[in-house]
Amino acid sequence: MPDSNKQKIFVTVGTDLPFDRLVKAVDHWAEQHPQYDVLAQIGDSLFVPSNMLFQKFVEPDEYKRIFSQSALIVSHAGMGTILTSLQFQKPLLVVPRKASLGEHRNEHQLATAKHLKSLNKVEVAEDEHELIKKLSTFSELKIKDPIGPFACKRLTDSISKFIRER
Amino acid sequence: MKDDSDKNRTRKTKKVLAIASGGGHWVQLLRLRPAFEGCKVIYATTKENYACDLEAGAEFYVVPDCNRWEKWKLVKGSLSILKLIITQKPDIVVSTGAAPGFLAIRFAKLFGKKTIWLDSIANAEELSLSGQKAKNSCDMWMTQWEHLAKVDGPIYRGNILGD
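What counts, and where the lines are drawn
Residues numbered from 1 in each chain as written. Chains lettered and ligands numbered in written order. Predicted model: local features only at pLDDT ≥ 70, side-chain atom pairs only at ≥ 80, totals over all residues. Helix = DSSP H or I, 4+ residues; strand = E, 2+ residues; numbered from the N terminus. Rg over C-alpha atoms; globule rule 2.2 N^0.38 Å. Contact = placed C-beta atoms within 7 Å. Nonpolar A, V, L, I, M, F, W, Y, C, P; charged D, E, K, R; others polar. Pairing = 2+ DSSP bridges. Axes fitted to C-alpha atoms, helices over the stretch in contact; angles between N-to-C directions. pLDDT = per-residue confidence, 0-100. Buried ≥ 20, exposed ≤ 12 C-beta atoms within 10 Å, placed from the backbone. Right-handed = clockwise from strand over helix to strand, strands pointing away. Left-handed = near helix turned anticlockwise from the far one by under 90°. Core = buried A, V, L, I, M, F, W, Y, C linked by C-beta atoms within 7 Å.

Looking at the overall build of chain B
At step 1: For chain B, the helix and strand inventory stands at five helices and seven strands.
At step 2: Along its sequence from the N terminus, chain B presents helices and strands in the succession α-β-α-β-β-α-β-α-β-α-β-β.
At step 3: Taking 2.2 N^0.38 as the reference for a compact globule, 163 residues should give roughly 15 Å; the C-alpha atoms of chain B span a radius of gyration of 15 Å, in line with that estimate.
At step 4: For chain B, the C-alpha atoms occupy an extent of roughly 50 × 35 × 30 Å along the three principal directions.

Right, here's the structure in full:
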């Protein structure tokens, strides 16, 4: 049973593809760190965690509730999770999926992680080993600058103008 | 008669179909909402339970998820999106990806509609496959990374992260 006094960590692999490498690594870490409540949305991952609570898919309302209560988010380098973390002002650690390991169709998550890191929007663990290291010092992770609810004004203005043009 | 009503609508409120797959594509699409102010917007995505992200009463449609690797799903998705465009008659289609958005843009162009593609910010080193294919069906073809913009497109006008 979740203990309400424990710090919560939410792990998500998104909704589409399995990410066993991430689920397995965090489950292993959770075994050695019972002082945390770890909950995972594992999608179609095959690995069955034994040291954390897990669900295949968390409904959007529940997802937002879990997000707001978590002290740390751990995820694949998916834009949904990255944007939600920035908006909710939660520290986030991402592990990019690798197409070379069959975790995605191409290597765009490596590109997403690299370029958003250079904009100081995301904290990246290159692989499961770096993840374990970074997990153990996660309380030192700095929260990134917040983002508002909408795209930049230049972008929405350009689209709006284009829609109105004949 | 039909021509008149169509003319009236273009002079009045434009109808926008905003369509994207679930997950990050959908989250990015929703961040464009200020661009649709004053328009009649209909939203479409691949997951039913996303309706809760929209204001009450917003028009919301679900289309089957599809990708280019599963042909049967692609056929089902295509038919559903085609039906949506024929029945809803949007003036403009806007998408952030992926395959369902590309199909919507492609069909909309065939019917002479205005189309806008904003490639996902996830694609930081090259445009997505859907984005590359959307080029010829797009009136406004955009990337969210300045270093990917080219003279003959895609164009860069900022990103969905905000100001």
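Read on for the rest.
With respect to the environment of B:Leu30
At step 1: Residue position: B:Leu30 is located in helix 2 (residues 24-30).
At step 2: The sequence separation of B:Leu30 and B:Thr96 amounts to 66 residues, and the corresponding C-alpha distance is 9.7 Å.

Observations regarding the interface of chain B and chain A
Where the parts come together, the accessible area they lose is often given as the size of the interface.
At step 1: Of the residues lining the interface, 36 residues belong to chain B; the matching set on chain A comes to 29 residues.
At step 2: Of all the secondary structure elements, the ones that give two or more residues to the side of chain B that touches chain A are helix 2 and strand 4 (92-97) of chain B.
At step 3: The residue makeup of the side of chain B that touches chain A, split by class, is 18 nonpolar, ten polar and eight charged.

A closer look at the sheet that holds strand 3 (residues 53-55) of chain A
Strand pairing in a sheet relies on backbone hydrogen bonds, with the paired strands running either antiparallel or parallel.
Residue and element names in this part refer to chain A.
At step 1: Within the open sheet, the six strands sit side by side as 3-2-1-4-5-6. Their pairing is parallel. The outermost strands of the open sheet, each flanked by one partner alone, are strand 3 and strand 6 (123-124).
At step 2: Judged from the six bridges that link them, strand 1 (residues 7-12) and strand 2 (residues 36-41) form a sheet pairing that is parallel. The residue bridging Thr 12 from the neighbouring strand is Gln 41, located in strand 2.
At step 3: Across the face of the sheet, helix 1 (residues 20-32) comes into contact with strand 1, strand 2, strand 4 (72-76) and strand 5 (92-95) while running at roughly 165 degrees to strand 2.

Quick notes on the confidence of the model for chain B
At step 1: A residue-level look at chain B finds 93% of positions with pLDDT of 70 or above and a mean pLDDT of 93.
At step 2: With a pTM of 0.93, the predicted complex shows an ipTM of 0.93.

A look at the pairing of strand 2 of chain A
Residue and element names in this part refer to chain A.
At step 1: When you tally the buried positions in strand 2, you get five out of six residues, the bulk of the element.
At step 2: Note that the unit made of strand 1, helix 1 and strand 2 has a crossover that is right-handed.
At step 3: Where strand 2 and strand 3 come together, three bridges link them in parallel fashion. Following the sheet pairing, Ala 40 is matched in strand 3 by Phe 54.

Structural notes on the packing of helix 1 of chain A against helix 5 (residues 128-136) of chain A
Residues and elements named next belong to chain A.
At step 1: Contact geometry of helix 1 with helix 5 gives a least axis separation of 10 Å together with a crossing angle of 35 degrees. Taken as a pair, helix 1 and helix 5 cross one another with a handedness that is right-handed. Between helix 1 and helix 5, the contacting residues are Arg 21, Ala 25 and Trp 29 on the first element and Glu 128, Leu 131, Ile 132 and Leu 135 on the second.
At step 2: Here the residues of the contact of helix 1 with helix 5 sort into five nonpolar, no polar and two charged.

Digging into the nonpolar core
Side chains that are nonpolar tend, in soluble globular proteins, to be buried together.
At step 1: Membership of the largest hydrophobic core comes to 83 residues, with the highest contact counts inside it found for A:Val26 and B:Ala104.
At step 2: Sort the elements by how many residues they give to this core and helix 4 (residues 99-110) of chain B lands first, with seven residues.
At step 3: Look past the residues within four positions of A:Val26 in its chain and what remains in contact with it is A:Val11, A:Val38, A:Ala40, A:Met52 and A:Val74.

What to know about the sheet that holds strand 1 (residues 15-20) of chain B
All names here are of chain B.
At step 1: As summarised here, the arrangement of the seven strands in space is 3-2-1-4-5-6-7, forming an open sheet in which the pairing is parallel. At either margin of the open sheet sits one strand with a lone partner, and together these are strand 3 (59-62) and strand 7 (155-156).
At step 2: Relative to strand 4, strand 1 is paired through five bridges, and the arrangement is parallel. Opposite Ala 18, over in strand 4, you have Val 94 as the bridge partner.

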